[in-house]
Amino acid sequence: MKMRPSAAPVAVVDIGSNSIKTLVAERSSDGLLRTLGEKTIDARISAGISREHPLLADDSMDRGLAAVQKLLAFAAPFSPARTVLVATSAVRDARNGAEFRKRVHSATGHRIRLLTGDEEAALIGRGLTCDPALRDAGDFYVFDLGGGSLECLVFRERRVEQAVSLQLGCVRLAEKFVSDHAAPLPPTEIDVISHHTRSALAASKFSFSLPGAATAVGTGGTITTVRAILAKRAGCEISEIDARLPTAELRRLRDELAALPLDRRRRVPGLPEKRADVFPTALTTLLALAEAGGFGSYRHSFYNLRYGVADEALAR
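Residues numbered from 1 in each chain as written. Predicted model: local features only at pLDDT ≥ 70, side-chain atom pairs only at ≥ 80, totals over all residues. Heavy atoms only, no water.

Asker: Mind showing me how you'd approach the packing of helix H4 (residues 117–128) against helix H11 (residues 305–315) here?
Answerer: A pair of packed helices is captured by two measures, namely the crossing angle of their axes and the spacing between those axes. In contact at an axis separation of 6 Å, H4 and H11 are set at 80 degrees when each is read in the N-to-C sense. In terms of their interaxial angle, H4 and H11 are classed as roughly perpendicular. The residues of H11 that touch H4, namely those facing Glu120, Leu123, Ile124, Arg126 and Gly127, are Leu305, Tyr307, Gly308, Val309, Asp311, Glu312 and Ala315. (Axes fitted to C-alpha atoms, helices over the stretch in contact; angles between N-to-C directions. Helix = DSSP H or I, 4+ residues; strand = E, 2+ residues; numbered from the N terminus. Parallel < 35°, antiparallel > 145°, perpendicular 65-115°, else oblique. Contact = heavy atoms within 4.5 Å.)

Right, here's the structure in full:
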C-alpha cells in the first residue's frame, strides 16, 4: 500500500436530538481515520419533537448552544484545519430550527449544515465503512437509532443499496406512547411501541433483502449504552465487551429496566441519567426491528455519522 502523509485534523460537531457529540480525527498515513479526541454531552434539545408542529424550546436551544460551545472548546487545542457542524432530526423537524442555527452562528461564527434524512443516512453509511472491524464485511445492514429518527441502510458489496430515514427515534416515541415517564414501562405500552415500529418499517418499504445470515450493525447511543452497561457489570472497559450483542441480551435488559421506576433506572451503572427515561423505549424499538428483520444479534460499531462527516471533510 502506498503510504501518504497524515492530513491536518478536522473537527465535527454532531447536533443530535438526544446528545451532541464532537469528534476530532485525522487521516493516518495508511489512509484510515485516526481519532484524536471525542466527547459527548446529553443536551436533549428535542423535547416536544413528537408534536404535530415541533418547536425547540428556549431552554433547549440554550442547552444546545452551551453544549456546542463546550465541544468547540474541547476541539480547539487539536488545532483542526476545518470544523464542521451538522444537525439532524430535532433541528430539521423544528419549525424554529433556523432560529437555533442563527443563534449558534452568531455565538460561535460557525454555520450548521442541516442534513436531510437521506444525507444523514448516507453519511452514517460512509462512517461505517471507516470501521476497521468491518473491513471484511461486504453485505450488511446498518441501523442507527437516535432521539428523533432511525436510519436504516442496506450495504451490498460495501456500497449503500438502500437508505431510509424513519421517525422512530427514542425521544419521539417515548413522548408519543409513554404515559408516565417516572413509572415502570408497562407491557401494554411496550406492545404499542413494538407494533408502531413494525408498522412504520412495513410502510417504508425498507427491504430486508440480504441473506438470512447477513450482519446487522447497530450504531448510536442506545446500542453503545447496552455495551457500556454490560461492561460495568463485567468490571471492564467497553472495548473489552464483545461487539456482537444478542437480541436475547437486549430483551433481558429491556425487561429488567422497564420494570424499574425512573429514579432507580437512573442509578444503573453505565446508563446515563439523562438517557434513562427513554432507554426502555429505545430497546423496544431495536427489538421490534430485529424481529422484523429476523436478526439474532446486533454488531455494535462506534463509527456512525460524525465519522462519515469527518471522512468527507478530510477527502476535501
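We are not done yet, so read on.
Asker: Would you mind showing me how to read the environment of Gly169 here?
Answerer: In this fold, Gly169 is placed in the loop between strand E8 (159–166) and helix H5 (170–177). Not counting residues up to four positions away in its chain, the partners in contact with Gly169 are Leu145, Gly146, Gly147, Gly148, Ser149 and Leu150.

Asker: It is not clear to me how the pattern of salt bridges should be interpreted in this structure. Could you clarify?
Answerer: Should their charged atoms come close, side chains of opposite charge can pair. Considering all chains together, one arrives at 19 salt bridges under this definition. Here Asp62 ties to Arg103 by a salt bridge, and the two come within 3.3 Å at their closest N and O atoms. With a gap of 41 residues between them, Asp62 in helix H1 (residues 58–75) and Arg103 in helix H3 (residues 97–108) connect regions that are remote in the sequence. What makes Asp62 partly exposed here is its relative accessible area of 45%. Residue Arg126 is joined to Asp311 by a salt bridge in which the shortest nitrogen-to-oxygen separation is 2.7 Å. Placement of Arg126 in helix H4 and of Asp311 in helix H11 is noted, with a sequence separation of 185 residues between them. Residue Asp311 is classed as buried on the basis of its relative accessible area, which comes to 10%. Salt bridges sharing common partners tie together Asp58, Asp62, Glu99 and Arg103. (Salt bridge = Lys/Arg side-chain N within 4 Å of Asp/Glu carboxyl O. Buried < 20%, exposed > 50% of the residue type's maximum accessible area, 1.4 Å probe, protein only.)

Asker: What should I look at first to understand the sheet that holds strand E9 (residues 215–219) in this one?
Answerer: Working definition: the strands of a sheet are paired by backbone hydrogen bonds and lie parallel or antiparallel to each other. Reading across the sheet, the six strands line up as E8-E7-E6-E9-E11-E10 and stay open at both edges, with mixed pairing between neighbours. Every other strand in the sheet has two partners, leaving E8 and strand E10 (244–246) as the edge strands with one partner each. Adjacent strand axes in the sheet meet at a mean angle of 25 degrees, parallel and antiparallel pairs treated alike. Bridge count between E9 and strand E11 (residues 297–300): two bridges; the pairing is parallel. Pairing of Gly218 across the sheet is with His300, part of E11. Where helix H8 (residues 247–258) meets the sheet, its contacts fall on E10 and E11, and the angle it forms with E10 comes to roughly 60 degrees. (Pairing = 2+ DSSP bridges.)

Asker: Sorry, what's going on with the confidence of the model for the protein chain here?
Answerer: Any segment with low pLDDT has predicted coordinates that should not be analysed in fine detail. Scored by pLDDT, the protein chain has a mean of 92; 97% of the residues are at 70 or more. Low pLDDT, under 50, characterises residues 1–5; the predicted model gives this stretch seven contacts beyond four residues in sequence or across chains. (pLDDT = per-residue confidence, 0-100.)

Asker: Just to check I follow, could you spell out the side chain of Ser297 for this structure?
Answerer: Topologically, Ser297 is positioned in strand E11. Looking at Ser297, the relative accessible area reads 18%, which means it is buried. Every residue in contact with Ser297, bar those within four places of it in the chain, is listed here: Ala216, Arg244, Leu245, Pro246 and Thr247.

Asker: When you look at the pairing of strand E7 (residues 150–156) in this model, what are you seeing that I'm missing?
Answerer: Side-chain positions along a regular strand alternate between the two faces of the sheet. For E7, a buried count of six out of seven residues is recorded, marking the element as mostly surrounded by other parts of the structure. Relative to E7, strand E6 (residues 140–145) runs antiparallel, the two being bridged by six bridges. Bridge pairing in E7 links Tyr141 to Val154. Hairpin remark: E6 followed by E7, antiparallel, with four residues in the connecting loop.

Asker: Could you clarify how one ought to interpret unusual backbone geometry in this entry?
Answerer: In terms of backbone geometry, most residues other than glycine have negative phi values and most peptide bonds are trans. A positive phi angle, close to 50 degrees, is found at Ser79, a residue other than glycine. Of the residues examined, Ser79 reaches a relative accessible area of 54% and is grouped as exposed. Despite not being glycine, Arg158 has its phi angle at roughly 65 degrees, a positive value. Mapped onto the elements, Arg158 comes out in the loop between E7 and E8. We classify Arg158 as partly exposed; its relative accessible area is 28%.

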